[in-house]
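# Breakdown of the fold
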Amino acid sequence: MEVAMKVNTEAMKDAQVGNTETEPAIPVSSDDLPIEQGEIIIEEITRNHKLLHRHKLNQNKITIGRNYQNDIILTDPHICPQHLSLNYSQDVWCINDNNSVNGTSLENKECKKQDGNQQVLNDGDVIVLGKSQLRILFKSHSVVDTIAFSPFESLIDLIRHPVAVLTSIALFILITANIAYLNQPTEINISQLFVSAFSMSLLFALWPAAVALVSHLTKHDPRILAQLGISFTFFILMWLSDLLEEIIAFNSASNSVLGLIIALVPISLAFSLFWLNSYIGFHVSSKRRIVVALSITILLFGGSYLLQYSKKPEFNPHPQYSATIMAPSYLIAPSNSVDSFIEQSNALFEQANKAAQQD
């Protein structure tokens with residue numbers, strides 16, 4: 001009896017195991033699979049490839065035009081309302097021009113221009129539509145190395161402080177008024193003196209204001225206080241270099257080598273000023289910054305030298321000598337008294353007479 005029950009139990013287990021079936025797999029349609037989205041970066045740039053706006057989109061179709069239903073809306077009147085579309089398929093982006101009036105062209109990294117319709121986009125390509133340009137970048141596009149802060153940043157932060165800017169401008173006005181007073185042969189009212197000095201400071205302020213304006217128009221941070229502080233600081237240093245040049249000329253002979261070396265100081269200061277103006281106002285490479293500063297310096301000093309040389313006569317009957325006159329306190333070497341000068345002259349004449357008698 002027990003043996004029969006065990007056999008029945010085992011038979012029931014075998015039946016249950018035998019009746020277990022695998023559920024059939026449900027077929028998955030390709031339409032149910034997630035569609036891979038195309039990721040692209042589109043930059044609006046100028047003709048000089050300056051960045052205006054940047055768009056990062058993650059979709060398979062991007063429409064561009066003046067119509068407000070587009071993904072990227074441009075205001076260029078030479079662009080059609082629905083000018084073109086970018087389509088992503090099989091890991092590539094293609095341009096589709098919608099029969100636009102002025103067409104679409106494509107420039108690659110080698111600046112080769114071709115018709116843009118039905119063209120495959122590559123990283124760095126530039127789409128030209130109307131008078132606008134769009135630069136195409138992919139997420140794998142490499143970026144330039146991070147630029148470390150220059151040691152000039154701490155100096156610039158100090159000079160651009162409003163108190164420092166006002167101090168430099170006030171000091172420049174005092175120096176300008178002092179120079180005008182020394183060069184005035186007649187008596188002058190102090191109010192007239194400072195009015196002319198203030199007008200001169202406004203004239204000199206046009207340079208940093210112009211640099212800040214150009215920086216603002218090119219989509220950079222103008223940093224007007226930094227431009228004013230740096231410019232007026234270097235204007236004062238240039239005046240000090242002129243004073244140093246006069247002191248050297250007063251204490252040395254004409255055409256001295258030291259005088260020629262000191263004459264290079266204002267040129268170096270001007271180059272440094274233009275370099276700092278470019279560093280503060282524009283994000284450009286170091287090489288381009290040096291080229292711009294050097295070009296402005298050569299244009300300024302070279303032009304003034306050519307102007308002076310054109311006014312110089314071919315023959316000058318007057319002797320060339322240093323006519324710098326300053327107060328005796330600027331004399332570095334002590335001057336000789338009249339008695340010592342006469343004694344030295346007599347000794348020189350006696351030495352010459354003895355040499356003549358021996359011959």
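Scoring rules and cut-offs
Residues numbered from 1 in each chain as written. Predicted model: local features only at pLDDT ≥ 70, side-chain atom pairs only at ≥ 80, totals over all residues. Heavy atoms only, no water. Salt bridge = Lys/Arg side-chain N within 4 Å of Asp/Glu carboxyl O. Helix = DSSP H or I, 4+ residues; strand = E, 2+ residues; numbered from the N terminus. Buried < 20%, exposed > 50% of the residue type's maximum accessible area, 1.4 Å probe, protein only. pLDDT = per-residue confidence, 0-100. Contact = heavy atoms within 4.5 Å. 1 Å grid on protein atoms, 1.4 Å probe; cavity = no way out; pocket = protein on both sides within 12 Å on 5 of 7 lines; lining within 4 Å. Points joined across faces, edges and corners; volume = space filled by probe spheres on them. Nonpolar A, V, L, I, M, F, W, Y, C, P; charged D, E, K, R; others polar. Arc of directions from axis to C-beta. Phe/Tyr/Trp six-rings, centres within 6.5 Å; stacked < 30°, edge-to-face > 60°. Lys NZ or Arg CZ within 6 Å of the ring centre and 35° of its normal. Pairing = 2+ DSSP bridges. Core = buried A, V, L, I, M, F, W, Y, C linked by side-chain atoms within 4.5 Å. Axes fitted to C-alpha atoms, helices over the stretch in contact; angles between N-to-C directions.

## Some thoughts on the pattern of salt bridges
Per the stated rule, a full pass over the model turns up five salt bridges. Here Arg54 ties to Glu43 by a salt bridge, and the two come within 2.9 Å at their closest N and O atoms. Highlighted residues: Arg54 in strand 2 (residues 51-58) and Glu43 in strand 1 (residues 39-45), separated in sequence by eleven residues. A relative accessible area of 53% means that Arg54 is categorised as exposed. Under the relative-accessibility criterion, Glu43 is labelled buried at 3%. One salt bridge connects Arg135 with Glu43, and the closest N-O pair in it is separated by 2.8 Å. Of this pair, Arg135 sits in strand 10 (residues 132-137) while Glu43 is found in strand 1, placing the two residues 92 residues apart along the sequence.

## Side note on the confidence of the model for the chain
This prediction gives the chain a mean pLDDT of 82; 85% of its residues lie at or above 70. Counted against residues more than four places away or in other chains, residues 28-34, with its pLDDT under 50, gives one contact.

## A short note on unusual backbone geometry
One non-glycine residue, Asp91, lies in positive phi territory at about 65 degrees. Locating Asp91 in the fold gives a position in the loop between strand 5 (84-89) and strand 6 (92-97). Of note, Asn99 is a non-glycine position whose phi angle comes to about 55 degrees, a positive value.

## Focus on the layout of surface pockets
Approximately 620 Å³ is the volume attributed to the second largest pocket. Of all the secondary structure elements, the ones that give two or more residues to the lining of the second largest pocket are strand 1, strand 2 and strand 10. Residues belonging to the lining of the second largest pocket are distributed by class as follows: seven nonpolar, eight polar and seven charged.

## Some remarks on helix 2 (residues 152-159)
For helix 2, every residue scored as buried is listed here: Glu153, Ile156 and Ile159. The buried residues of helix 2 occupy an angular sector of 130 degrees when projected down its axis, which confines them to one face. Of the exposed residues in helix 2, the ones pointing more than 90 degrees away from its buried face are Ser154 and Leu158. Next to the buried residues of helix 2 lie helix 3 (162-182), helix 6 (224-251) and helix 7 (257-281).

## Observations regarding the environment of Val165
Along the chain, Val165 falls in helix 3. Classification of Val165 by relative accessible area gives buried; the value is 3%. When sequence neighbours within four positions are dropped, the list of residues in contact with Val165 reads Ile159, Arg160, Leu225, Leu228 and Gly229.

## Looking at the packing of aromatic side chains
Taken as a whole and assessed by the stated rule, the structure comprises eight aromatic pairs. Measuring from centroid to centroid gives 5.5 Å for Trp275 and Tyr279, while their planes differ by 5 degrees, and the two rings are stacked. Taken together, the positions of Trp275 and Tyr279, both in helix 7 and four residues apart, correspond to about one turn of that helix. Among the aromatic side chains, those forming a connected cluster through ring pairs are Phe172, Phe204, Phe232 and Phe235. Its guanidinium or amino end placed over the ring of Trp275, Arg289 lies 5.3 Å from that ring's centre, counting from NZ or CZ.

## Some points on the pairing of strand 7 (residues 104-107)
In strand 7, alternate side chains face the same way, and those of Thr104 and Leu106 on one face and Ser105 and Glu107 on the other are all buried. Across three bridges, strand 7 lies against strand 8 (residues 113-115) in antiparallel orientation. By the bridge assignment, Ser105 is partnered in strand 8 with Asp115. Between strand 7 and strand 8, which pair antiparallel one after the other, the connecting turn spans five residues, and Cys111 there sits at a positive phi close to 60 degrees.

## Considerations on the nonpolar core
Among the nonpolar cores identified, the biggest contains 23 residues, and Ile156, Ile230, Phe232, Phe234, Leu273 and Ile280 are the most heavily contacted of them. The set of elements that each furnish at least two residues to this core consists of helix 2, helix 3, helix 6 and helix 7. With residues up to four places along the chain from it excluded, the contact list for Ile280 reads Ile156, Asp221, Arg223, Ala226, Gln227 and Ile230. With 19 residues, the next largest nonpolar core counts Ile64, Leu74, Leu86 and Trp93 among its residues.

## Points about the sheet that holds strand 7
Sheets are built from strands paired through backbone hydrogen bonds, the pairs being either parallel or antiparallel. Taken together, six strands build an open sheet; the order of strands is 2-1-10-9-7-8 and the sheet is antiparallel. The strands lining the two open edges of the sheet, one partner per strand, are strand 2 and strand 8. Here the strands of the sheet are splayed against their neighbours by 25 degrees on average, with no regard to which way each runs. Examined bridge by bridge, strand 9 (residues 126-129) and strand 10 share four bridges and lie antiparallel to one another. Looking across to strand 10, one finds that Leu129 is bridged to Ser132.

## Re the pairing of strand 2
In this structure, strand 1 lies alongside strand 2, joined through seven bridges in antiparallel fashion. Within strand 2, the residue paired with Glu43 across the bridge is Arg54. The hairpin turn running from strand 1 into strand 2, its antiparallel successor, is five residues long, and His49 in that turn takes a positive phi close to 65 degrees.

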